[in-house]
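Fold and geometry: a report
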Amino acid sequence: MSIHTPKIDKKVTLTTISKMKGVEPITMVTAYDALFAKLFDGEVEMILVGDSLNMSFLGKEDTLSATMDQMIYHTQAVCNGAKLPLIVLDMPFGSYTTPELAVANATRAYQETSAQAVKIEGGKSRANIVKALTSNSIAVLGHIGLMPQFLRSDGGYRVRGKEQSDIDELVEDAKALEKAGAFAIVIEGVKVEAAKAITDAVSIPTIGIGAGNVTDGQVLVWSDMFGFFEEFKPKFVKQYMNGAKQIREGLENYRNDVKAKEFPSKEYIY
Ligand code: KIV
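Remember, predicted model here, so these are calculated numbers, not experimental data. (Residues numbered from 1 in each chain as written. Predicted model: local features only at pLDDT ≥ 70, side-chain atom pairs only at ≥ 80, totals over all residues. Heavy atoms only, no water.)

**Description of the site of the ligand**
Rule in force here: A cutoff of 4 Å decides nearness: a residue is near a molecule or strand if any of its heavy atoms lies inside that distance of it. In the analysis that follows, any N or O atom pair within 3.5 Å is treated as a polar contact, provided that within protein one partner can donate a hydrogen and the other can accept it, and provided that, for residues neighboring in sequence, both atoms belong to side chains. Gly is put with the polar residues, along with every residue not named as nonpolar or charged; the nonpolar set is Ala, Val, Leu, Ile, Met, Phe, Trp, Tyr, Cys and Pro, and the charged set is Asp, Glu, Lys and Arg.
Around the ligand, the surrounding shell consists of T30, L48, G50, D51, S52, D90, K119, H143, E188, I209 and V221. Contact distances for the ligand include 3.0 Å between an oxygen atom and a side-chain N or O atom of D51. Here an oxygen atom of the ligand sits 3.1 Å away from a polar atom, N or O, in the side chain of D90. For the shell around the ligand, a count of residues per class yields three nonpolar, four polar and four charged.

Rendered as structure tokens:
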């Protein structure tokens with residue numbers, strides 16, 4: 001049974017998020033524009049301007065062709081719409097291949113938007129990049145487990161943490177990110193046992209997506225959770241409304257009205 005929780009009425013900071021670990025589950029959704037970010041304002045602690053926008057809003061096959069310019073443009077829009085959540089800009093594929101490139105691109109993210117943090121995919125092997133960012137005053141949200149930017153090099157989306165050796169590797173990844181200064185870690189597409197081991201091993205919050213209810217918070221892609229993205233529905237997505245159906249019904253009503261010349265009726269004319 002779900003409980004009734006109050007709206008969030010204060011600006012969410014990195015300190016707010018750190019203090020929530022083990023105390024209160026953290027809520028996060030994606031947003032890509034001001035219209036929806038405004039609706040999400042005060043409803044969740046964090047908003048991710050995810051490179052998932054490449055698939056859900058630009059109709060691409062994967063996230064890999066998203067660019068830094070696009071991420072900045074969409075983050076500016078989200079920042080215009082939402083004032084209270086902690087906003088994270090997702091660094092796109094290829095924008096953080098070296099510490100220098102990562103710092104240059106994340107500096108742009110900070111200078112050209114009001115995002116409070118950036119997200120990068122990768123564990124131990126990317127700890128040097130996270131360190132370069134955090135030591136240049138840029139807050140980092142890590143991302144381990146199933147990493148969509150590794151889709152082509154991994155040969156597909158792969159659920160992680162099925163064997164103990166992989167759980168151990170994921171725990172090492174999380175510890176390396178914590179040591180490098182990440183303020184929290186997204187854990188995507190892992191077995192619940194792995195998510196639990198990771199969450200217990202670090203003192204920073206973990207935000208799960210397809211990782212069970214053992215993490216310190218949850219994130220979902222908004223167009224998935226509201227039923228607007230119909231190409232496929234991952235097993236871990238709970239749909240809180242059937243957006244696509246409602247839009248089609250609305251459009252059918254509009255079409256019927258226009259064809260029948262019932263719209264615009266008297267109340268809608270000057
Ligand atoms: O791009 C995105 O929306 C993400 C989430 C799936 C965590 O990375």
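**Focus: helix α8 (residues 164–179)**
So the rule is basically this: The helix and strand labels rest on DSSP assignments: H or I over at least four residues marks a helix, E over at least two residues marks a strand, and numbering proceeds from the N terminus. For a helix, the expected span equals 1.5 Å multiplied by the number of residues minus one. When a residue's accessible area, from a 1.4 Å probe over protein chains only, is under 20% of the maximum for its type it is buried; when over 50% it is exposed; and in between it is partly exposed. Here a residue-residue contact requires only that any non-hydrogen atoms of the pair lie within 4.5 Å.
Helix length check: α8 (16 residues) gives 22 Å between terminal C-alpha atoms against 22 Å at 1.5 Å per residue, within 8%. Among all positions of α8, only D166, I167, L170, V171, D173, A174, A176 and L177 are buried. Those residues of α8 that are buried lie in contact with α6 (127–134), β5 (140–145), β6 (184–188) and α9 (192–201). Positive backbone phi, at 105°, marks G181, one or two positions downstream of α8.

**Comments concerning the pairing of strand β3 (residues 86–90)**
Here is the rule we go by: Pairing between two strands requires that DSSP report at least two bridges joining them. With the strands pointing away from the viewer, any crossover whose connection runs clockwise from the first strand over the helix to the second is right-handed.
Counting buried residues in β3 gives five out of five residues, a clear majority hidden from the surface. On β3, burial covers both faces: L86, V88 and D90 on one face and I87 and L89 on the other are all buried. As judged from the three bridges shared by β3 and strand β4 (residues 117–119), these two strands associate in the parallel manner. Within the sheet, the bridge partner assigned to D90 lies in β4 and is K119. Running through helix α5 (residues 99–112), the crossover from β3 to the neighbouring parallel element β4 is right-handed.

**Observations concerning the nonpolar core**
How we decide: The set of buried Ala, Val, Leu, Ile, Met, Phe, Trp, Tyr and Cys residues whose side-chain atoms join them within 4.5 Å is what this entry labels a nonpolar core.
I47, I87, L89, M91, V118, I120 and L133 are the most contacted members of the largest nonpolar core, which totals 57 residues. Here this core gets six residues from one element, more than from any other, and that element is α8. By size, the runner-up hydrophobic cluster in this structure holds 19 residues, among which are I8, I26, A139 and L141.

**Here's the deal with the sheet that holds β6**
Definition in use: For helices, the fitted axis covers only the stretch in contact; all axes are lines through C-alpha atoms, and the angles between them, taken along N-to-C directions, range from 0 to 180 degrees.
The sheet built from eight strands closes into a barrel, its strands ordered β1-β2-β3-β4-β5-β6-β7-β8 with parallel pairing. Strand-to-strand, the axes of this sheet are offset by a mean angle of 25°, without reference to chain direction. Against the sheet, α8 makes contact with β5 and β6, and its axis sits at roughly 170° relative to β5, the strand it touches most. Contacts between α9 and the sheet are confined to β5, β6 and β7 (206–209), with β6 contributing the most and set at about 170° to the helix.

**A few points about the packing of aromatic side chains**
The condition that has to hold: Ring pairs shown here join Phe, Tyr and Trp side chains whose ring centres sit within 6.5 Å, with only the six-membered ring taken for Trp; geometry is labelled stacked below 30 degrees between planes, edge-to-face above 60, and tilted in between.
Under the counting rule described, the total for this entry stands at 11 aromatic pairs. Among the aromatic residues, those joined into a cluster by ring pairs are Y32, F36, F40, F57, W222, F226 and F228.

**Here we look at the packing of α8 against α9**
Put simply, the rule is: Each helix crossing is assigned a hand: it is left-handed if the near helix lies turned anticlockwise from the far helix by less than a right angle, otherwise right-handed if that turn is clockwise.
α9 packs onto α8 with a crossing angle of 30° between their chain directions and a minimal axis gap of 9 Å. Classified by chirality, the crossing of α9 by α8 is right-handed. On the side of α8, the interface is formed by I167, L170, V171, A174, K175 and E178, while α9 contributes E193, A194, A197, I198 and A201.

**A short note on the domain arrangement of the protein chain**
The parts lose accessible area when they come together, and the size of an interface is often stated as this lost area. Note the threshold: Boundaries between domains were set according to an automatic or database domain assignment. Buried area: the accessible area, evaluated with a 1.4 Å probe, that two parts lose upon being put together, summed over both parts. Whenever Lys or Arg places a side-chain nitrogen within 4 Å of a carboxyl oxygen from Asp or Glu, that contact is recorded as a salt bridge.
For the protein chain, the domain assignment lists domain 1 (14–239) and domain 2 (242–270). Once you take the C-alpha centre of each, domain 1 and domain 2 turn out to be 39 Å apart. Taken together, the contact pairs four residues of domain 1 with five residues of domain 2. Of the roughly 340 Å² buried at the junction of domain 1 and domain 2 (both faces included), carbon and sulfur atoms supply 49%. Taken as a group, G227, F228 and E230 account for 80% of the area that domain 1 buries against domain 2, more than any other trio of residues on that side. The interface formed by domain 1 and domain 2 contains one salt bridge. Between E230 and R248 there is a salt bridge, and its shortest N-O distance comes to 2.5 Å.

**What about the packing of helix α4 (residues 68–81) against α5?**
Heads up, the condition is: Here the angle decides the label: under 35 degrees means roughly parallel, over 145 means roughly antiparallel, 65 to 115 means roughly perpendicular, and every other value means oblique.
Packing of α4 against α5 leaves a shortest axis separation of 10 Å and a crossing angle of 25°. As summarised for this structure, α4 and α5 are arranged roughly parallel, according to the angle between their axes. By crossing handedness, the relation of α4 to α5 is classed as right-handed. Only N105, R108, A109 and E112 of α5 make contact with α4, whose side of the interface consists of M68, D69, I72 and Q76. Across the contact of α4 with α5, the residue classes break down as three nonpolar, two polar and three charged.

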